[in-house]
Amino acid sequence: MRAITYSRYGGPDVLETTDLPTPKVGPDSVLVRVRAASVNPVDWKVREGYLDQIMDVAFPVVPGWDVAGVVERVGLDTPELQVGDEVYGYVRKDVIGGEVSGGTFAELVAAPVRTLARKPAAWSFEEAAAVPLAGLTAYQTIRRAGVAEGQTVLVHAAAGGVGSFAVQIARALGARVIGTASERNHDFLRSLGAEPVTYGDGLADRVRALAPEGVEVVLDYVGGDALDSVPQVLRDGGTVASITDARARDELGGHYVWVRPDAADLAELARLGDEGLLRPEVAEVFDLADAADAHRASQSGHVRGKVVVRV
């Protein structure tokens, strides 16, 4: 099968097209014919060696954790899925790379059923591939923070890949959402149902102007100054959840969240998609052979939505 691999840490130029054997399928896994995958910041951070201290990496690495495709073969005990099912998922494994831990930038990937759910009919394969990691991150931080109907929620980096999903999920739960973003993304946030505010000096005052009593929940997807402002915008008894800074847990009494594969959570995101309550934003689609350009686009930080690779 064709796959994108890299055999050393480095920039996008280390990515190359390789011919690899078809992955073996374990008892609780299925073989997915990949139709699309997407790029997340973690993909290029792993490629450059930034996560070497916390994750085991074995070369060669096939990058990619997000996938959308069709089940081609099933394992010995996978009653959840059958051949021909259209699926999507967050195929993160305990070891990155090596012979048994291929990523999703390939024609085929062996995926444990715990990492997959059926693809909603409302999404194309490209749209579905844009959802898993970012969508699960948003959903799991929202659930951890206990977002509920009637609350006011502040979402930092609300126009980003994770933040835009968080806005939509919180709105689907009946929450009021205030979202931080640059001025050029304010109309986009309004289209998702959020009230936009700009970053920078005076942020707390701008949030308080919209929510004089403060917000019940802060969802932090950017860190830094955004987290510094939490005491000024969070009302008594409120909570904060962050994916970027452990201070949210250790100093502010909230939550520090590392996203996990979860089939039930993916199924819930799919339900929201089919009901028209969650729509992915695809910034650009590249062919598999152009995976290096896809990484460059994601790493530039100048895209709104997800960069997708079509296989």
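Residues numbered from 1 in each chain as written. Predicted model: local features only at pLDDT ≥ 70, side-chain atom pairs only at ≥ 80, totals over all residues. Heavy atoms only, no water.

Asks: I'm lost on the overall build of the protein chain in this one. Help?
Replies: Looking only at helices and strands, the protein chain features 11 helices and 17 strands. In terms of overall dimensions, the protein chain has a C-alpha envelope of 60 × 40 × 35 Å along the principal axes. As displayed, the protein chain has an accessible area near 13,300 Å², and 47% of this comes from carbon and sulfur atoms. Across the protein chain, the 31 positively charged side chains and the 44 negatively charged ones have centroids separated by 1 Å. (Helix = DSSP H or I, 4+ residues; strand = E, 2+ residues; numbered from the N terminus. Areas by Shrake-Rupley, 256 points an atom, 1.4 Å probe, with all protein chains shown as cover. Lys, Arg positive; Asp, Glu negative; His and termini not counted. Charge placed at Lys NZ, Arg CZ, Asp CG, Glu CD.)

Asks: Would you mind showing me how to read the sheet that holds strand β11 (residues 176–180) here?
Replies: What links the strands of a sheet is backbone hydrogen bonding, and the strands pair in either a parallel or an antiparallel sense. The strand order across the open sheet formed by six strands is β12-β11-β10-β13-β14-β15, and the pairing between neighbours is parallel. Sheet topology places β12 (195–197) and β15 (255–256) at the edges, where each strand pairs with a single neighbour. When strand β10 (residues 152–155) meets strand β13 (residues 215–220), the two strands line up parallel, connected through three bridges. Residue pairing in the sheet places L154 in a bridge with V218 of β13. Against the sheet, helix α6 (residues 203–210) contacts β10, β11, β12, β13 and β14 (234–242), and its axis sits at roughly 155° relative to β12. (Pairing = 2+ DSSP bridges. Contact = heavy atoms within 4.5 Å. Axes fitted to C-alpha atoms, helices over the stretch in contact; angles between N-to-C directions.)

Asks: Teacher, can you tell me more about the domain arrangement of the protein chain here?
Replies: Size of an interface, as often reported, equals the accessible area lost when the parts are brought together. For the protein chain, the domain assignment lists domain 1 (1–122 + 279–308) and domain 2 (132–254). Using only C-alpha atoms to locate each centre, domain 1 and domain 2 end up separated by 29 Å. Every contact between the two is made by 12 residues of domain 1 and, on the other side, 12 residues of domain 2. Taken over both partners, the interface formed by domain 1 and domain 2 buries close to 1,100 Å², and the fraction arising from carbon and sulfur atoms is 63%. Interface area lost by domain 1 to domain 2 is led by Y90, R279 and R304, which between them contribute 51%. At the surface where domain 1 touches domain 2, the tally comes to zero salt bridges. Between domain 1 and domain 2 we count four residue pairs in polar contact (both at pLDDT 80 or more) in total. Among the elements of the structure, β5 (66–74) and β6 (86–90) are those that each provide at least two residues to the side of domain 1 that touches domain 2. (Domains from an automatic or database assignment. Buried area = accessible area lost by both parts, 1.4 Å probe. Salt bridge = Lys/Arg side-chain N within 4 Å of Asp/Glu carboxyl O. Polar contact = N/O pair within 3.5 Å; in protein donor to acceptor, adjacent residues only side chain to side chain.)

Asks: Before we go on, may I ask you to explain helix α10 (residues 263–274) in this structure?
Replies: Two residues of an α-helix separated by three or four positions point the same way, owing to the 3.6 residues in each turn. Taking 1.5 Å of rise per residue, the 12 residues of α10 would be expected to cover 16 Å, and the 16 Å separating its terminal C-alpha atoms lies within 8% of that figure. For α10, the complete set of buried residues consists of D265, L266, L269, A270, L272 and G273. The buried residues of α10 occupy an angular sector of 160° when the element is viewed end-on, so they sit on one face. Residues of α10 that are buried make contact with β6, β9 (116–118), α3 (132–145) and α4 (161–172). Near the N-terminus of α10, the side chain that reaches the backbone nitrogen of A264, with its oxygen 3.0 Å away, is that of D262. Positive phi appears at G276, one or two residues downstream of α10, with a value of about 80°. (Expected span 1.5 Å × (residues − 1). Buried < 20%, exposed > 50% of the residue type's maximum accessible area, 1.4 Å probe, protein only. Arc of directions from axis to C-beta.)

Asks: Looking at this structure, I do not really get the packing of aromatic side chains. What am I missing?
Replies: In this description, a pair of aromatic rings is defined by centroid distance and the angle of the planes. For the structure shown, the criterion picks out four aromatic pairs. With a centroid separation of 5.2 Å and 75° between ring planes, the pair formed by Y9 and F59 is classed as edge-to-face. Here Y9, found in the loop between β1 (2–5) and β2 (16–19), pairs with F59, found in the loop between β4 (56–58) and β5; they are 50 residues apart in sequence, far enough to count as distant. One aromatic cluster is present, built from ring pairs that chain together Y6, Y9 and F59. For K45, the ring lying beneath its charged end belongs to W44, and the centroid distance is 5.8 Å. The lysine or arginine in question, K119, covers the ring of F125, its NZ or CZ lying 5.0 Å from the ring centre. (Phe/Tyr/Trp six-rings, centres within 6.5 Å; stacked < 30°, edge-to-face > 60°. Lys NZ or Arg CZ within 6 Å of the ring centre and 35° of its normal.)

Asks: Whenever I open this one, the pattern of salt bridges confuses me. Can you help?
Replies: A pair can form between side chains of opposite charge whenever their charged atoms are brought close. By the definition in use, this model includes 22 salt bridges. For D293, the salt bridge is made with R296, and the minimal N-O distance between the two is 2.7 Å. Here R296 and D293 lie together in helix α11 (residues 291–300), a separation of three residues that amounts to about one turn. Exposure remark for D293: the relative accessible area of 35% places this residue in the partly exposed category. Beyond isolated ion pairs, a larger network of salt bridges with shared partners links D13, D293 and R296.

Asks: Explanation requested: the packing of α3 against α10 in the structure shown.
Replies: Packed helix pairs are specified by the crossing angle of their axes together with the interaxial distance, meaning the distance between the axes. Between α3 and α10, whose axes approach to 10 Å, the crossing angle comes to 100°. In terms of axis orientation, α3 runs roughly perpendicular to α10. Of the residues in α10, those touching α3 at P132, G135, L136, Y139, Q140 and R143 are D265, L266, E268 and L269. When its residues are assigned to classes, the contact of α3 with α10 shows five nonpolar, two polar and three charged. (Parallel < 35°, antiparallel > 145°, perpendicular 65-115°, else oblique. Nonpolar A, V, L, I, M, F, W, Y, C, P; charged D, E, K, R; others polar.)

Asks: Got a minute to help me understand the side chain of E107 in this structure?
Replies: Residue position: E107 is located in the loop between β7 (95–97) and β8 (108–112). Polar contacts involving the side chain of E107 include one to the main-chain amide nitrogen of R2, which spans 2.8 Å. Residues in contact with E107, not counting those within four places in the same chain, are M1, R2, V32, R33, V34 and V311.

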